[in-house]
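So you can see what is in the structure, the chains are spelled out below.
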Amino acid sequence: MSYLILAINPGSTSTKVALYEEERPLSELTLRHSTEELARFPDIISQLDWRRELIIEALRKKNYSLQAISAVIGRGGLIKPIPSGVYEVTPQMVNDLRNAQMKHASNLGGLLAVQIAHMVGPEVKAYIADPPVVDEMDEIARITGLPMCTRQPIFHALNQKAIARLYCREKGLVYENTNLIVAHMGGGISVAAHKQGRIIDVNNALDGDGPFSPDRAGSIPSNELIKVCFSGQYTREELLKLISSKGGLVAYLGTNSVAQAVEQANTGDLQARQMIEAMCYNIAKQIGAMATVLEGNVNRILLTGGIAYSTTIVKLIESRCQFIAPLTVYAGENELAALATNALAVLRGEVIPKTYD
């Protein structure tokens, strides 16, 4: 009997769902949520029941039976820092997802998974894998210039790990014996140093660290940011949004679409060209920083995420980084496939799920 896996990846304006029969995708759906629909809910967690019913209805329309599902796996949320791996959704995790200090759509992943798994039956388990708070950082990488401020990783751990392992499989390498730099480039941008199976350093892709992105501000000179904070022009919430969702390209160009910005640049828009080049400059600079973390011993640089579809972006980054190591591009996010692969490994007994407590 083959295994049927339901993978769920909730985003701010969509819920992506996929059914896999072992490695084979049967169906991938993107359930889009309009601004008007989302406005009915006071916060993200209150969308849980609504999104669950949307998933169930979408599966019914495709004539898929919930009773045939072997496991449900959701994108992990902003729980406490944990090592990489697959985790069964426990009551403690449910509590931490519901009460996470940082509000993010990824917090719904494990909650949706466990609710749907319970609907199928007690023998079906719910899991998460490689959530954004995966923490394998070297202790030296946490230290900043102020004792009360430490660096904490929040990044695209799921796709980072999946792409690194995919590259190693394709090249006949062992991930645990390989040094890689992986740059995930999407709404946020994370650049990580993978040293022999561990991500020993990575920028916080949500909270204002590393390269700026389509809608995130990245690292900003501290003094300049303090001036903005005390200007009296912005509330605390407005400042947080400037950092996490209204910075980067959208702050300069009014769009968070890289494709649109590149098109503007190619048709003579000098500001758009400068911003595209500046974003790539910052990504390349972060890749260079990760090369020093790996002491120059880099087997490969991997570019992934939706922005990696742009040949313009890839060429600009490669021109600055190719002296470090060759580049390989894996465009797209591939997160549903990564989730399904992790769940399948558990079902086959190849991986023992870790305990979250």
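Given the structure is predicted, the values throughout are model-derived calculations rather than measurements. (Residues numbered from 1 in each chain as written. Predicted model: local features only at pLDDT ≥ 70, side-chain atom pairs only at ≥ 80, totals over all residues. Heavy atoms only, no water.)

Peer 1: I keep staring at the pattern of salt bridges and nothing clicks. Help me out?
Peer 2: Where charged atoms from two side chains of opposite charge approach closely, those side chains can pair. Summed over the entire model, instances satisfying the criterion amount to 16 salt bridges. A salt bridge links arginine 216 to aspartate 215, with the nearest nitrogen and oxygen atoms 3.9 Å apart. Residue class for arginine 216 comes out buried when judged on its relative accessible area of 18%. Two residues, glutamate 224 and lysine 227, come together in a salt bridge whose shortest N-O distance is 3.4 Å. Taken as a pair, glutamate 224 and lysine 227 lie in helix 6 (residues 222-229) at a separation of three residues, close to a single helical turn. (Salt bridge = Lys/Arg side-chain N within 4 Å of Asp/Glu carboxyl O. Buried < 20%, exposed > 50% of the residue type's maximum accessible area, 1.4 Å probe, protein only. Helix = DSSP H or I, 4+ residues; strand = E, 2+ residues; numbered from the N terminus.)

Peer 1: Looking at this model, I keep getting lost on the pairing of strand 7 (residues 179-185). Mind explaining?
Peer 2: Most of strand 7 sits inside the fold, with seven of its seven residues counted as buried. Residues of strand 7 alternate between two faces, with Asn179, Ile181, Ala183 and Met185 on one and Leu180, Val182 and His184 on the opposite face, all of them buried. Pairing between strand 7 and strand 8 (residues 189-195): seven bridges, direction antiparallel. Looking across to strand 8, one finds that methionine 185 is bridged to isoleucine 189. (Pairing = 2+ DSSP bridges.)

Peer 1: Would you explain the sheet that holds strand 6 (residues 125-129) in this entry?
Peer 2: Ordered by their spatial adjacency, six strands build an open sheet running 3-2-1-4-6-5, and the pairing between neighbours is mixed. With one partner strand each, in any of the chains shown, strand 3 (24-32) and strand 5 (86-88) form the two edges of the open sheet. Shown here is a sheet whose adjacent strand axes are inclined to one another by a mean of 25°, direction ignored. Of the pairings in the sheet, the one linking strand 4 (residues 71-75) to strand 6 comprises five bridges and is parallel in character. Note that in strand 6 the partner of isoleucine 73 across the bridge is tyrosine 127. Along the sheet face, helix 12 (residues 335-347) touches strand 1 (4-10), strand 2 (14-21), strand 3, strand 4, strand 5 and strand 6 and points at about 140° away from the line of strand 1. (Axes fitted to C-alpha atoms, helices over the stretch in contact; angles between N-to-C directions. Contact = heavy atoms within 4.5 Å.)

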